[in-house]
Structures are given as C-alpha cells and as structure tokens.
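Fold and geometry: a report
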Amino acid sequence: MSQNETRGRQRNSALTWRLWRGPGLTWLALLALFAVSLGSAYAPLGVGNLEINLFIAAIMIALLVTFLMDLKNARTIVRVVAAAGLFWTILMFALVFNDYLSRTY
Amino acid sequence: MSDAAGALREPWPNLQLQRQGVGLGMWMFLASEVLFFAALFCGYAVYRSFNAEAFRIASAHTEIVYGSINTVLLLTSSLTMTVALRAATVQLRGLTLFCLAATAALGAAFLVCKGLEYHEDLKQHLFPGPHFPLSPPATQMFWGFYWIMTGIHAVHLTGGILVVLLVFTLFKRRTVPVQGSTMEGVAIYWHFVDSVWLVLYPLLYLAGRP
Amino acid sequence: MTDVTLPFAPPLDAGGGSYLDEGHTILSWLTTTDHKRIAILYALSITLFFFIGGVAIGLVRLELISPTGLFLTSDEYNRLFTIHGIIMVWFFLVPSIPATMGNFILPMMIGAPDVAFPRLNLLSWYLYVGGAAFTVYVLLSGGVDTGWTFYPPFSSDYSHSNVIAAAAGVFVVGFSSIATGVNFLATIHMLRCPGMTWFRLPLFAWSMYVVSMVMVLATPVLAMSLLLISAERYFGLPIFDPRAGGDPLLFQHLFWFYSHPAVYIMILPAMGVVSEVFACFARRRVFGYGFMVFSLMTIGVVGFMVWGHHMFVAGQSPLANLVFSFLSFIVAVPSAIKVFNWTATLYRGHIGFEAPMIYALGFLGLFTIGGLTGLFLASVPIDIATTDSYFVVAHFHTIMVGGTVSAFMAGIHYWWPKVTGKLYNEFWAQFAAITMFLGFNVTFLPQFVMGWLGMPRRYHYYPDVFQIWHILSSGGAVILAVAYLMPLVYLTWSLFYGEKSPGNPWHATGLEWQTPSPPPKSNFLRPPRVNAEPYDYHDFGRAEETGDESRARPQGDAS
C-alpha cells in the first residue's frame, strides 16, 4: 500500500468516525431518554405519568430535530417553516380545547 | 464533476441552491404532514381528556415489548439515515449505500414487529366491534385510534422504506449521483416518520402501565 | 424613466418559437414539465368540471321552480346539490386561479424560468386527474348525498351512497393542492430574479405566496377528517360515535379547520388578480401596497382562527361561540382595508372599461356585499336565525361566484393575449361580463331575501310563499349560464381567428409583459433584472388633474 493510499484510508476512517460521532451521541441521548420514559411509566404517578412522558417525548423530538435534522445549522426560513408547523398545531389544539373544556354538558 | 452536472435539474442555477430548495420544499411538506397527524392527535387528546380511566384500561392491553423494540429500531434508523446524508454530502458513496441499506432494514424490521403485534392484538379481539373484550365503551374509542394511528404511521413508514430502497438503487446504478439533492429530502422525511412515532409511543403504550 | 427591462446579454432562445411550438403531440403535453403547459392542462380540466358542477345545479334550480318539485326525487335532489358543492369547491374553485394563472404567470412575474419543482408540478396535475377520476366514478354510480360537508353520523353510519369514493376523490385532490403550495412557496423564496426583492413583488405574487401557505397548512386537516369518517364507515371504528364517548362535533371542528381557510384559498388569489387588473386599467399604482401585503398575510393567518362560526348552532360552548365570533369580526378588517385601497387605486385613474376591468369592478362591488353579509353571519344572534337558510347560501355564492369567478374571468381575459398570443373580441367579452354581473344579481339577490324570510337551504320542497323568489333566482341562473357559455365561444374562436397580440397589448408593467406573447419555453429571451417598484404607471404623489398618458410602454423583448 503506497503512502498516499495509506493516508487516504486514514483520512477516510477519520472522516467516517467524525460522521458517526455527533449523530451517535444524539442517538445515545435519545435511548437514555426513552429508557427514562418507559421506566417512569411503571411508577404510579397518576396524571404525572402522561405529563412526564409527553415532556420527554418533546425533548426527544427537539434533540432529533436539532441534531439529526440539523435544524441547528439550517437557514432561517427553514426554522420559520418548522416553527409554523408547531404554531399551527398549537392553534388547533387551543381553539378546539377552548370549546371542549368550556362545555358544561 | 460530471457527476455533479448530472445532479443539477431545471430550473436551478446551481447545485447548492437546488439542495437548499429541496430541503426547504421537504420541510414545507413536513409542516403539512405535522398538521395531518396533529388533527389525529387532537382527536385523541380530546377523547382522552374526557375518558381518562377508559383509555388507561384500554392502553394496558397494548404490547409494550413490541412497542419498545420498535422505538429502538426507529431511533437507530434515524441514526443511520443521518450518517447516510452526511456521507452523501462528502461523497463517501460506499458509506452512503451501507447506511441507506441499514435504514431500510431497520424500517423493515419495525414493520415485521408491527405485523406480529397486530396479530397478537387481533388474537385478543382488540378491534372495535361485537367481540371487543373490554369495557367501558370508551375503551373501543382508544382502540379505534390505536389502529388508525399505528396504521397511518405504518403507511408512512412503508412509503419511506420504498423511497429509501429506490434511492439506494438509483445511487447503486449511478443513475443519480449521491451528492445531489435527493438525500436531503429523503432524510428529512425519514426523521419526521420517526418523530411521529416518538409521540405515538407514549400516547398508546405508556398509559396503563402501573 | 422606468427600467423594468433586461440587460443586454445575448438572447437565450435566439430565433426559437414559443412554448406552444415545443412538441405538438398529446404525449408532449401529458409529459411536459413546463409550468405554462401544465397551467393549460389545469385550465382545460377545471373548465370541464365547472360545467359538470353547473349542470348539476342547473337541474336543482330547475327543480326548485315548483314548491313540490318537478322531476326529481328527494334523494336525487340531495345527490345533485352535494355533487355541485364537491365539484365546485374542490375541482373548480380551489385550484382555479392558483393552478392556472399561478402556474403560468407566477414564475414569469418573478423572473424565474420555471417553478422550483417542475416534475412535482406535473404530478400535482395528475393527482388532480386522479381525484377527478374518483369523482366521475361517484357521478356515474349514483352520487353521494351527504352534502359537501360530509357530516357524521349520517356520512359514516346512515348514508347509502358512495361516501368513501367521494371522500377518496377529495383526499387525492387535496394532495394536488399541497404539492402546488409547496412548489409556489419554494419558487417565490428561491427563484426570484436579480432585483426582485420581496417588496417589489406584484400583489398577485404575494397572493400566491399566502394562498400556498394556507393550502399547505389547512389541507392535511381536511385529509385527516375525511380519512376518519371513511375509517368509521368502512371499518366500523367508533370515531365520532357518542356511544363510545365520541363527538360528531369533533368532525366539524376538524372539517371546518380546513374549510374555513379554504374559502380564503378561494378568495386570496382573486384579490391578487384584481389588484393587477385595477392597476393596469386605471393606469395607477396600487394604493397602499404595504397595507395590501399586510392584509393578505393577516387574512391568511387569522383565517385559521375563525372556523367555529360555521358551528354556532351545532353544540359548541357559548365561550367558543364568543371567541370565534369576535375573531370573525377581526378577520373582516384586512379585507375591508383591501376594498378601500382598490377604490383609492381607481380614484383619479385613467380608467379603461375593457373586459378584465368590468369583471374586476363587478368583483369589487360583489365582494363588498358578500363580505358585509358575512359580518351579519359573524354575529351569533343573527347567525342563529339565518343558519342553514338561503341567506348563508347567497352570502357564500356572492363571494365565491360574484367574487372569485369574476376575478377568475378577469384574469383569464387579462392574460389571454400573453398565454395564447391572440386577442379576444372585446365587444363580446364586455357583453358577457355585463351579462354575468346582471345574471348573478338576478340569481342571488332573491336568495338573500328569501333566506331572510326563512327559506331553508338544501330543502327539496318548500312553502308556496317562497316560489316567486325561487323563480326569479332560477331565471337569473339561466342568464348566468349564457354568460358563462359565451366566453367558451369567443375565446375558442380567438384561438383560430383572433388577431395576433403584441407582446404587451395592455401596456402593463410587470415582468410577464416584458417578453413575447406567447412566451418562449424559458420565459425570457434574456435573463431579467428588476430595478423599479411594481405598478410603475406614474410617479409617486398626487395624480395629474388632466388625464395624461401613462408612461408605461412595451419594453424589453415584447415586440
């Protein structure tokens, strides 16, 4: 193997490691959060269970979107689009629940 | 460089702008998909807030083992998909192909697991109808939503797997160069399908556990 | 001296023909990715469906001449008004201006060679055709009788008609909308030519932007609501069934979450067209451009917050009624701002009464009336009295037919020379426009009256006291039908025998006019560049007392 080839392979494997490292860390964090969510589901916390699980799910999605979908480095307009999806969802929930929670029948 | 020229499509003036455009377009499609699922989750949320006990009883009968395995499979597939995109951007064709194949395999494993789970559920007659074993009646509502939510998610996942396989083939045969704009769109969509599952899982599987 | 023209670069398409010369086979049309050809494919399809929907309501209006019916059973009557609604809303109005004029004109207007995703554009037309195929199947196999609103439990548990096929057709065509919306948004964000900054975009481009945003965000919720009733119907899942804790009102929430923004999908493009036409035929800048943009965006956003006004008597809580009523009043404000600004645009203008202007003036008056009657309906007490009466029917037809269809016709005539390279016959066009306006009023003013007097909508039989109003309305419908058929005749005639059009027959500003008519495949002979504000018909400041000639002249490569 020539020196150039060796260097080439070393560069490639260094690059490959770098490619896996960031997403790999995020993946580990996601697995950890998943374990917490699953574990806490077996504790008798009443409505707290749902709140914790949804909160953890929100964090997991935030991690996924920021680091795996690279929203961290994305252009502003992409982040605006992502925010719009979230905002409109909140709008839907808010106005629908405004009806349901204020019914007395 | 002829590779890159093959990737450029009308009406884009250069490849970088095309990649940005595809990414932006796919995020916009995602916004619409978010609202698609949001409507479904809104219905679930409304009914759960008024039938909390029934939903708890119904949820205790979901297959937590299958569901949890599926969660791990999808999270891992998001990892491999991210690496596939990064590899494509730096033109590491071999790694891109490997990761795409791994992603598709993990997705397929999810579907197999889901199939086995559905089989279990149906064996217990957990489908709203005359043989439904649980009471009160609102447990049927939970299970109606279970089938629709997991079903539509599975349809989206299947579509994703088919697209990944298609893209794999196009890359393998060098019909499309890996550093084009295709990977952008595919990766964004795949992560979305995973995100939907991350919401679905606690709603369906983690309610009636204690 | 304005300079919306082009730098002296070598022409890209030296000596080439127009986009119409690129292939003459049907296959070249069916496999095109040229936004201009796709626009024409859409125009042909929606025209076909417009007339099918028109025939359906023609039969209904004929039937309603007699209080006890003439030739339809009640079941047939239900199926006819349902298919009229489904076709007109989803297969005509929603795609109308965006898919035809948006597709053809928008890229040219911003100086782009095509839309961002040309193949997706073709796919969106095929999705339209796919959805249309379902609808044709529904038509041929007996129709659907749920009303275009598909309310459960009737649609999911009791109807004996093709609900799922109809829902599937609408579901598929919804994705056509979403694809078009994504395409336009990406196009406007990323393919504007040098110098075309956001606040130099013509208002038609802005209206395409906002309508695309609304289509992308609202349509999926409709898709889910239809999927849920189909699942309820086909699999027996108790989604809206009270016996399992369900609520039929949840469907209405989800359905109207889309269907109210849908009416803004139908009106925003019309507003965009009308802004272009008023500026051109009054030789005036649009008054208050900034406020016009702000109003478009406000309508697009606040339009998502008012859907409950369709449910005031359905069983919502009083608090929800209050909130939705208040927000419905708010959403009228930006529309009113636009009406004032259009009027101010006309003030001291050098007004020409070509057909596009007549249609646009009709729009102005009818949209105002439609909008004002909408305010009546936003008030909960009045709505309780007028819900499900002909007052509501007249209100929404005034906006959709008097408003959107008028603007659609205005745009068709305005851009006809650009698209076809031919001039239509102005006399017949003006005659048709005036006939349409008169026919519209004879059809729908009686409907306001009888709605107020208590005539319910969707009723096959009615008390004798309403007969005179129904006869008037049906008579008006005949006039309207004639007015809609006339353009088919003279526009088709112009394709074969019409005078050849110059590049810029109206001496309009705007990039789409600075190129030959019909345009070459790549839209421009030279890469366009913009250095001026839109609607550069005169200097800023007070208009001249005397009617002076506008300085807008044919420029660039418009010959």
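Note that the structure is predicted; figures quoted are calculated from it, not measured.

Another aspect to go through is the overall build of chain A. When helices and strands are tallied, chain A shows 3 helices and 0 strands. Secondary structure elements of chain A, listed N to C terminal, follow the sequence α-α-α. Here the C-alpha radius of gyration of chain A, 22 Å, is well above what a compact globule of 105 residues would show, namely 13 Å. Overall, chain A is about 80 × 40 × 15 Å in size when its C-alpha atoms are taken along their principal axes. Of all 105 residues assigned to chain A, the portion counted as buried reaches 26%.

Another point: the overall build of chain B. Looking only at helices and strands, one finds 7 helices and 0 strands in chain B. When the elements of chain B are put in sequence order from the N terminus, they spell out α-α-α-α-α-α-α. Its C-alpha atoms give chain B principal-axis dimensions of about 65 × 30 × 30 Å. Taken across its 210 residues, chain B has 57% of its residues classed as buried. Taking all contacts inside chain B whose residues are at least 6 apart in sequence as the whole, residues at least 24 apart take part in 78%.

Taken together, the contacts link 10 residues of chain A with 12 residues of chain C. For the side of chain A that touches chain C, a count of residues per class yields 6 nonpolar, 2 polar and 2 charged.

Any two packed helices are characterised by how steeply their axes cross, that is the angle between the axes, and by the distance between the axes. Residues and elements named next belong to chain C. In the contact formed by helix α3 (residues 74-109) and helix α13 (residues 390-420), the axes pass within 11 Å of each other and the chain directions differ by 20°. In this view, α3 runs roughly parallel relative to α13, as classed from their interaxial angle. At the point where α3 passes α13, the crossing takes the left-handed sense. Contacts from L93, S96, I97, M101, F104 and I105 in α3 reach M400, T404, A407, F408, G411, W415 and V419 in α13. Its residues placed into classes, the contact of α3 with α13 shows 10 nonpolar, 3 polar and no charged.

With that out of the way, let us pick up the domain arrangement of chain A. Per the domain assignment, the segments of chain A are domain 1 (3-70) and domain 2 (74-105). Relative placement of domain 1 of chain A and domain 2 of chain A: their C-alpha centres are 26 Å apart.

The next point concerns unusual backbone geometry. Geometrically, the link from E10(B) to P11(B) is a cis peptide bond, its omega value of -5° lying close to zero. Positive phi values are uncommon outside glycine, yet F150(C) reaches one of about 55°. The residue F150(C) is located in the loop between α4 (118-140) and α5 (154-158) in this model. Under the C-beta neighbour-count criterion, F150(C) is labelled buried, with 25 such atoms within 10 Å.

Attention now moves to helix α4 (residues 64-89) of chain B. Working note: α-helix, 3.6 residues per turn, so residues spaced by three or four point in the same direction. A rise of 1.5 Å per residue sets the reference length of α4(B), with its 26 residues, at 38 Å; its end C-alpha atoms lie 38 Å apart and thus fit the reference within 8%. Once α4(B) ends, the next one or two residues include Q91(B), with phi positive near 60°.

Let's shift gears to the interface of chain A and chain B. Taken together, the contact pairs 38 residues of chain A with 36 residues of chain B. At the level of secondary structure, the elements contributing two or more residues to the side of chain A that touches chain B comprise α1 (3-40), α2 (47-68) and α3 (76-101) of chain A. Residues of the side of chain A that touches chain B, tallied by class, amount to 30 nonpolar, 7 polar and 1 charged.

What follows is about the packing of helix α5 (residues 93-123) of chain B against helix α6 (residues 138-172) of chain B. Residue and element names in this part refer to chain B. Running from N to C, α5 and α6 cross one another at 155°; their axes reach a closest spacing of 9 Å. With respect to their mutual orientation, α5 and α6 come out roughly antiparallel. As for the relative orientation of α5 and α6, their crossing is left-handed in sense. Across the interface between the two elements, T96, L97, L100, A101, T103, A104, G107, A108, F110, L111 and K114 from α5 touch T150, A154, L157, T158, G160, I161, V164, L165, V167, F168, F171 and K172 from α6.

As a further point, take the confidence of the model for chain A. Overall, the prediction assigns chain A a mean pLDDT of 89, with 95% of residues at 70 or greater. Ranking the elements of chain A by mean pLDDT puts α1(A) last with 87 and α3(A) first with 96.

Okay, the environment of F281(C) next. Residues and elements named next belong to chain C. Note on placement: F281 falls in helix α8 (residues 248-282). C-beta crowding within 10 Å serves as the criterion here: with 25 such atoms nearby, F281 is assigned to the buried category. For the pair F281 and I26, spaced 255 residues apart in sequence, the C-alpha separation works out to 37 Å. Those residues in contact with F281 that sit more than four places away from it in its chain are I351, G352, E354, P356 and M357.

A few words on α6(B). An ideal rise of 1.5 Å per residue puts 51 Å on 35 residues; α6(B) measures up with 51 Å between its terminal C-alpha atoms. Where α6(B) ends, the next residue or the one after it, R174(B), has phi of about 60°, a positive value.

To continue, consider the environment of T80(B). Residues and elements named next belong to chain B. With respect to the helices and strands, T80 occurs in helix α4. With 22 C-beta atoms packed within 10 Å, T80 lands in the buried category. Each C-alpha atom of the pair T80 and L95 lies 10.0 Å from the other, and the pair is 15 residues apart in sequence.

A word on the confidence of the model for chain B. Should the pLDDT be low somewhere, the predicted coordinates at that spot are not to be read in detail. Here chain B averages 93 in pLDDT, and 97% of its residues register 70 or above. Scored by ipTM, the complex comes to 0.94, with pTM at 0.94.

Moving on to the environment of M88(C). Among the structural elements, M88(C) can be located in helix α3. In this structure, the C-alpha to C-alpha distance between M88(C) and F49(C), residues 39 residues apart in sequence, is 7.6 Å.

About the cut-offs
Residues numbered from 1 in each chain as written. Chains lettered and ligands numbered in written order. Predicted model: local features only at pLDDT ≥ 70, side-chain atom pairs only at ≥ 80, totals over all residues. Helix = DSSP H or I, 4+ residues; strand = E, 2+ residues; numbered from the N terminus. Rg over C-alpha atoms; globule rule 2.2 N^0.38 Å. Buried ≥ 20, exposed ≤ 12 C-beta atoms within 10 Å, placed from the backbone. Contact = placed C-beta atoms within 7 Å. Nonpolar A, V, L, I, M, F, W, Y, C, P; charged D, E, K, R; others polar. Axes fitted to C-alpha atoms, helices over the stretch in contact; angles between N-to-C directions. Parallel < 35°, antiparallel > 145°, perpendicular 65-115°, else oblique. Left-handed = near helix turned anticlockwise from the far one by under 90°. Domains from an automatic or database assignment. Expected span 1.5 Å × (residues − 1). pLDDT = per-residue confidence, 0-100.

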